[in-house]
Amino acid sequence: MYYDDAYLQNFDARVLSCSPAEPVQGASGIQPAWEVLLDQTAFYPSSGGQPNDLGLLGEAAVVDVRDEGDEVAHIVDREVAKGGVKGCVNWPRRFDHMQQHTGQHLLSAMFQERFGMPTVSFHLGEEICTIDLHGREPSRDELIGAQRAANKAIFEDRPISVRYGTREQLAGLGVRKEVEREGLLRAIEIEGADLQPCGGTHVKSTGQIGMILVRGCSKVRQDWRVEFVCGKRAEQVATEDFERERVLMKSLGCALEELPAAVERLAAERDGNFKSLRAALQQLATVWGSQLALNAPVGENGVRVVSMVMQGTHPELLQPLATEIAKNERTVALLILEESGQLVFAQNPTAGKDLGGVLKSMLAAHPGKGGGSKDFVRAKLAEAGASAAAMEMAKRLIAQVKGE
Ligand SMILES: [Zn+2]
């Protein structure tokens, strides 16, 4: 029935059979299911890129509709008695599919006609729809150009009709896609824009598509996947876009048209601040590092060890500070950030320890990721809570490891 009238929502049918089917995933987990065959149906099964309808068969909820060759199988959540039954198609869902699907015909036709880019496949998702275009990468102007041309045809509210004919007859009418199938074929004609073989459901004039918005384009294997939305979805995404922009305008205190410049300015400011922070941390490391090395107690073989479990310190200070400390003869720096478990160990080569070995033994006891050389290692403990214990172990290992 959906072939003859895509707008049919309520219909009468006879239940030919109702048999137990594989359980299906429902709202509250796996649920039992039945498969119902009818003498006629307005329920569209998943096929040709368009998802199936949902709705009601009598009291039973239709949870899936499958194309099984000559039959349309309705998967329902309860048993349905043989005999007469009323069918009701979930109309908002179906009409959404009709808007997206018809919009796809139109958009594909515009890419083909204006830029010679054929559509090789179509997918109608829960949120976004896509067509895959064959050939070179469409430019930004071409994406917008196809969108504008499609919307122009929508504003003109052109009639859409179903035509039947053999492969040869349709080819003679200039059908957009060649088909392999023999026999009587069904084709959808958008007046003055497109003729395309299709078994799906479509709106009756382009005005009902409402609006097409192209949302993105990316490379998928050999082709270019164009994302788009039509109708109510276009209204929704445009509203959501503006809602996000409104939040940004408020937090940045600027007008809509100033947003890109404001964000650019913020990023430049952030980069500038980070540069100054690094310079300040380096200055701090230079002053503090020599002081720490000077005040560290002299141990065995005259080796000094500066060890600190640090709190509230910027992670970017660890490396310059350890490096500065290790500039001093026979000096080792062991620095760990308590909050994050980040650590840097460094030594002046004259200290003669093997920091790589120390780190390895330490990580065996307190897991984490890191590495380095004999004179410099950095790592991050998996558990920041282990910082103090890890430091105690590192100090013990440094004391044990014999100098060269
Ligand atoms: Zn179609």
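Here the structure is a predicted model, which means the values were calculated and not measured.

What counts and what doesn't
Numbering of residues begins from 1 in every chain and follows the order in which that chain's sequence is written. Reporting in this predicted model follows two pLDDT cut-offs: at least 70 for local features of residues, and 80 or more for side-chain atom pairs to be given and counted; totals over whole chains, interfaces and linings ignore these cut-offs and use all residues. Hydrogens are left out, water is left out, and the side-chain values use all remaining heavy atoms of the structure. Any N, O or S atom lying within 2.8 Å of the metal counts as a donor, with the limit raised to 3.2 Å for Na, K and Ca; because water is left out of the atom set, some sites can appear incomplete. Square planar and octahedral assignments, for four and six donors respectively, both demand that opposite donors be over 155 degrees apart and that all other angles lie between 65 and 115; tetrahedral needs four donors with all angles between 85 and 135 degrees, and anything else is irregular. The numbering of helices and of strands both runs from the N terminus, where a helix is a DSSP run of H or I of at least 4 residues and a strand a run of E of at least 2. Remark: exposure states derive from per-residue accessible area (1.4 Å probe, protein chains only) relative to the maximum for the residue type, with buried under 20%, exposed over 50%, and partly exposed in between. In this scheme, strands are said to pair when DSSP sees at least two bridges between them. To get an axis, fit a line to the C-alpha atoms, keeping to the stretch in contact for a helix; angles then go from 0 to 180 degrees between the N-to-C directions. Contact definition: two residues touch when any of their heavy atoms are within 4.5 Å. Within a predicted model, pLDDT stands for the predictor's per-residue confidence, ranging from 0 to 100. Here a salt bridge means any side-chain nitrogen of Lys or Arg lying within 4 Å of a carboxyl oxygen belonging to Asp or Glu. Each patch groups residues whose relative accessible area exceeds 30% and which form no salt bridge, using 9 Å between like charges and 5 Å between nonpolar side chains of Val, Leu, Ile, Met, Phe, Trp and Tyr. Here the accessible surface of atoms and residues is derived via Shrake-Rupley with a 1.4 Å probe, and residues count as covered only by protein chains that are part of the display. Charged-residue counts in this description rest on Lys and Arg as positive and Asp and Glu as negative, His and the chain ends being excluded. Taken as the charge centre is NZ of Lys, CZ of Arg, CG of Asp or CD of Glu, depending on the residue. Any pair of nitrogen or oxygen atoms within 3.5 Å is treated as a polar contact; in protein, a donor-acceptor pairing is required on top of that, and neighbouring residues in sequence qualify only through side-chain atoms on both sides. Here a cavity means grid points, on a 1 Å grid over the protein atoms only, where a 1.4 Å probe fits yet cannot get out; a pocket means an open set of points with protein on both sides within 12 Å along at least five of seven lines; lining residues are those with an atom within 4 Å of a point. Grid points are joined across faces, edges and corners, and a volume is the space filled by probe spheres set on the points. Under this grouping Gly is polar, as are all residues other than the nonpolar Ala, Val, Leu, Ile, Met, Phe, Trp, Tyr, Cys and Pro and the charged Asp, Glu, Lys and Arg. Arc definition: directions from the helix axis to the C-beta atoms.

Trainee: Looking at this structure, I do not really get the coordination of the zinc ion. What am I missing?
Mentor: Geometry sets the ideal angles at a metal, namely 109.5 degrees for four tetrahedral donors and 90 or 180 degrees for six octahedral donors. Binding of the zinc ion to the protein goes through His101 (NE2), His105 (NE2), Cys198 (SG) and His202 (NE2), at separations of 2.0 to 2.1 Å. Around the zinc ion, the 4 donor atoms sit at angles spanning 98 to 124°, and that spread fits a shape best called tetrahedral. Written as a sequence motif, the donor residues of the zinc ion are H-x3-H-x92-C-x3-H. Residue histidine 105 is located in helix 1 (residues 91–115), and its partner histidine 202 is located in the loop between strand 11 (194–197) and strand 12 (212–220); the two are separated by 97 residues in the primary sequence. Note on histidine 105: relative accessible area 1%, which makes it buried.

Trainee: Can you help me understand the sheet that holds strand 10 (residues 185–190) in this one?
Mentor: Whenever strands of a sheet pair, they do so through backbone hydrogen bonds, lying parallel or antiparallel. Read across the open sheet, the 3 strands follow the order 9-10-11; overall the sheet is antiparallel. Two strands lie at the open edges of the sheet, namely strand 9 (160–165) and strand 11, each paired on one side alone. Strand-to-strand twist across the sheet, computed as the mean angle between neighbouring axes with direction ignored, equals 25°.

Trainee: Please explain the sheet that holds strand 14 (residues 304–310) as it appears in this structure.
Mentor: Strand order in the open sheet formed by 5 strands is 14-15-16-18-17, and the pairing between neighbours is mixed. In this open sheet, the two edge strands, each paired with only one partner strand, are strand 14 and strand 17 (368–372). Across the sheet, the mean angle separating the axes of adjacent strands is 10° when strand polarity is ignored. Against the sheet, helix 5 (residues 259–295) engages strand 14 and strand 15 (331–337), with an angle of about 125° to strand 14. Where helix 6 (residues 318–325) meets the sheet, it contacts strand 14, strand 15, strand 16 (342–347) and strand 18 (376–381), and its direction lies at approximately 165° from that of strand 15.

Trainee: Honestly, the confidence of the model for the chain in this entry has me stumped. Any pointers?
Mentor: It should be kept in mind that the predicted coordinates are not to be read in detail where pLDDT is low. With 99% of its residues at a pLDDT of 70 or more, the chain shows a mean pLDDT of 93. Here helix 3 (residues 167–172) stands out as the least confident element of the chain, with mean pLDDT 82; strand 13 (residues 223–230) is the most confident, with 98.

Trainee: Can you walk me through the pattern of salt bridges in this structure?
Mentor: Two side chains with opposite charge may pair up if their charged atoms get near one another. As enumerated under the stated definition, the model contains 18 salt bridges in all. Among the salt bridges present, the one from arginine 215 reaches aspartate 241, with a minimum N-O distance of 2.7 Å. Taken together, the positions of arginine 215 in strand 12 and aspartate 241 in helix 4 (residues 231–252) put the pair 26 residues apart, joining distant regions of the chain. Accessibility expressed as a relative area gives 23% for aspartate 241, which makes it partly exposed. The salt bridge partner of lysine 327 is glutamate 324, with a shortest N-O separation of 2.7 Å.

Trainee: Whenever I open this one, a nonpolar patch on the surface confuses me. Can you help?
Mentor: Taken together, the side chains of Tyr3, Val162, Tyr164 and Leu184 define a hydrophobic patch exposed on the protein surface, amounting to about 420 Å² of accessible area. We classify tyrosine 164 as partly exposed; its relative accessible area is 45%.

Trainee: Any chance you could explain a negative patch on the surface here in plain terms?
Mentor: Among the surface-exposed residues, Asp67, Glu68, Asp70 and Glu71 lie close enough to one another that they form a single negatively charged patch. Tracing the backbone through its elements, the reader meets glutamate 71 in strand 5 (residues 71–76).

Trainee: Honestly, the side chain of threonine 201 in this entry has me stumped. Any pointers?
Mentor: Within the secondary structure layout, threonine 201 lies in the loop between strand 11 and strand 12. Looking at threonine 201, the relative accessible area reads 0%, which means it is buried. A polar contact of 2.7 Å, which involves the side chain of threonine 201, links it to the side chain of glutamine 50. For threonine 201, the residues in contact, after removing those within four places along its chain, are Tyr2, Ala6, Tyr44, Gln50, Arg94, Met98, His101 and Thr102.

Trainee: Teacher, can you tell me more about unusual backbone geometry here?
Mentor: Most peptide bonds take the trans form, and the phi angle of most residues other than glycine is negative. Of note in this structure, arginine 221 is not a glycine but carries a positive phi near 50°. In this structure, arginine 221 sits in the loop between strand 12 and strand 13. The phi torsion at arginine 330 lies on the positive side, around 50°, for a residue other than glycine. Structurally, arginine 330 can be placed in the loop between helix 6 and strand 15.

Trainee: Before we go on, may I ask you to explain the layout of surface pockets in this structure?
Mentor: In this approach a probe as big as a water molecule rolls over the atoms, and the regions it shows empty are the leftover space. Of the voids in this model, the largest pocket is the one considered here, and its volume is about 980 Å³. Together, 38 residues line the largest pocket, and Tyr3, Arg181, Cys198, Gly199 and Gly200 are the ones closest to its centre. Where the lining of the largest pocket is concerned, the elements lending two or more residues are strand 5, helix 1, strand 7 (119–124), strand 10 and strand 11. Taken together, the residues of the lining of the largest pocket break down into 14 nonpolar, 14 polar and 10 charged.

Trainee: Could you clarify how one ought to interpret the side chain of arginine 186 in this entry?
Mentor: Secondary-structure assignment places arginine 186 in strand 10. Within the buried core, arginine 186 has no salt-bridge partner, and the shortest N-O distance to an opposite charge, that of aspartate 4, equals 6.6 Å. Within polar-contact distance, the side chain of arginine 186 engages the backbone oxygen of glycine 200 at 3.0 Å. The residues contacting arginine 186, other than those within four sequence positions of it, are Tyr2, Tyr3, Val162, Arg163, Tyr164, Pro197, Cys198, Gly199, Gly200 and His202.

Trainee: What's the story with helix 7 (residues 355–365) in this structure? I'm lost.
Mentor: Helical geometry note: an α-helix holds 3.6 residues per turn, so side chains three or four residues apart project in the same direction. Among all positions in helix 7, only Leu355, Val358, Leu359, Met362 and Leu363 are buried. Seen from one end, helix 7 has its buried residues packed into an arc of 125°, which puts them on one side. Among the exposed residues of helix 7, those oriented more than 90 degrees off its buried face are Lys360 and Ala364. Against the buried residues of helix 7 lie strand 15, strand 16, strand 17, strand 18 and helix 8 (387–400).

Trainee: Hey, could you run me through the environment of glycine 299 in this one?
Mentor: Locating glycine 299 in the fold gives a position in the loop between helix 5 and strand 14. Placed 100 residues apart in sequence, glycine 299 and alanine 399 show a C-alpha to C-alpha distance of 8.5 Å.

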